Amino acid sequence: MVPTANQNARLTSKQQESVERFFARVQAINPAIKHLWVADSEFHSQFKSPDSDFMDGSGGRPVPLCFVFYNAITGETQEQFYRAGEKIPSCPISLGPDTLLVAFKATAELTTMLALWGRMSSRVLDLDIEWHHLNNEEYRWKAMKIEAGNAKGSDID
């Protein structure tokens, strides 16, 4: 295993204020949540494409390459890197009900957790659905029609 890194990242004061407001709202809903971790993992498929050294992504259990956890409250970063045949270290964060795990397309992080540690976080906020809400087809379609109309200099309904 490549050594686990523990670093501190810095947010701007405006970003930090936003995180603190969000976390205050989370704790107002559930005061048992004490930790806020943003997670991202990288992995590849266990299957190679025919006649190629590239992984074909046809599914199966993910083969983890790395996991990064960022605590948006403290600025702490935990990084783990994995190599085939080496011992998998334990999860560096709590996965219990005291932790809210934030991810984009959380299924990737959750399946990687299952592959690594045989369990996953009990509280998850997946921001992918928020992105889809903000960029849904009807909203984007209307905006694109307006943009096209402005570009042509005409009114399109």
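Here we come to the side chain of Thr112. Along the chain, the position of Thr112 falls in helix H2 (residues 106–117). Apart from residues lying up to four places away in sequence, Thr112 is in contact with Ser41, Phe43, Pro62, Pro64 and Phe67.

Across five bridges, the pairing between strand S3 (residues 63–71) and strand S4 (residues 76–81) is antiparallel. When the sheet's bridge partners are listed, Cys66 is paired in S4 with Phe81. Connecting S3 to the antiparallel partner S4 that follows it, the hairpin turn spans four residues, and Gly75 within it adopts a positive phi of roughly 85°.

Counting residues in hydrophobic clusters, the biggest one holds 15 residues, and the most contacted among them are Phe67, Phe69, Cys91, Ile93, Leu101, Met113 and Trp117. Elements that contribute at least two residues to this core include exactly strand S2 (35–44), S3, strand S5 (99–103) and H2.

Summed over the entire model, instances satisfying the criterion amount to three aromatic pairs. With 4.5 Å between their ring centres and 5° between their planes, Phe67 and Phe69 make a pair best called stacked. Taken as a pair, Phe67 and Phe69 share a single burial class, namely buried. Taken together, a centroid distance of 6.4 Å and an interplanar angle of 35° make the contact between Phe69 and Trp117 tilted.

What follows deals with a nonpolar patch on the surface. Taken together, the side chains of Phe104, Leu127 and Trp131 define a hydrophobic patch exposed on the protein surface, amounting to about 300 Å² of accessible area. Within the secondary structure, Leu127 is located in the loop between strand S6 (124–126) and helix H3 (128–134).

The rules behind these values
- As a convention, each chain's residues are numbered from 1 in the sequence order in which they are written.
- Whole-chain, interface and lining totals are the exception, using all residues; otherwise, since this is a predicted model, local features are given only for residues with pLDDT of at least 70 and side-chain atom pairs are given and counted only at 80 or more.
- Only hydrogens and water are set aside when side-chain values are computed; all heavy atoms of the structure are taken into account.
- Only DSSP runs of H or I reaching four residues or more are called helices, and only runs of E reaching two or more are called strands; each is numbered from the N terminus.
- What makes two residues a contact is simply this: any of their non-hydrogen atoms within 4.5 Å.
- Two strands qualify as a pair provided that DSSP identifies no fewer than 2 bridges between them.
- Here, nonpolar core means buried Ala, Val, Leu, Ile, Met, Phe, Trp, Tyr and Cys residues that are tied together by side-chain atoms lying within 4.5 Å of each other.
- Note on classification: 1.4 Å probe, protein chains only; a residue is buried when its accessible area is under 20% of the maximum for its type, exposed when over 50%, partly exposed between these limits.
- Pairing of aromatic rings covers Phe, Tyr and the six-membered ring of Trp, with a centre-to-centre limit of 6.5 Å; geometry is then stacked below 30 degrees between planes, edge-to-face above 60, and tilted otherwise.
- Each patch is assembled from residues with relative accessible area greater than 30% and no salt bridge, linking like charges that lie within 9 Å and nonpolar side chains (Val, Leu, Ile, Met, Phe, Trp, Tyr) that lie within 5 Å.
- Residue-level accessible areas treat just the shown protein chains as cover; the underlying method is Shrake-Rupley with a 1.4 Å probe.
- Here a salt bridge means any side-chain nitrogen of Lys or Arg lying within 4 Å of a carboxyl oxygen belonging to Asp or Glu.

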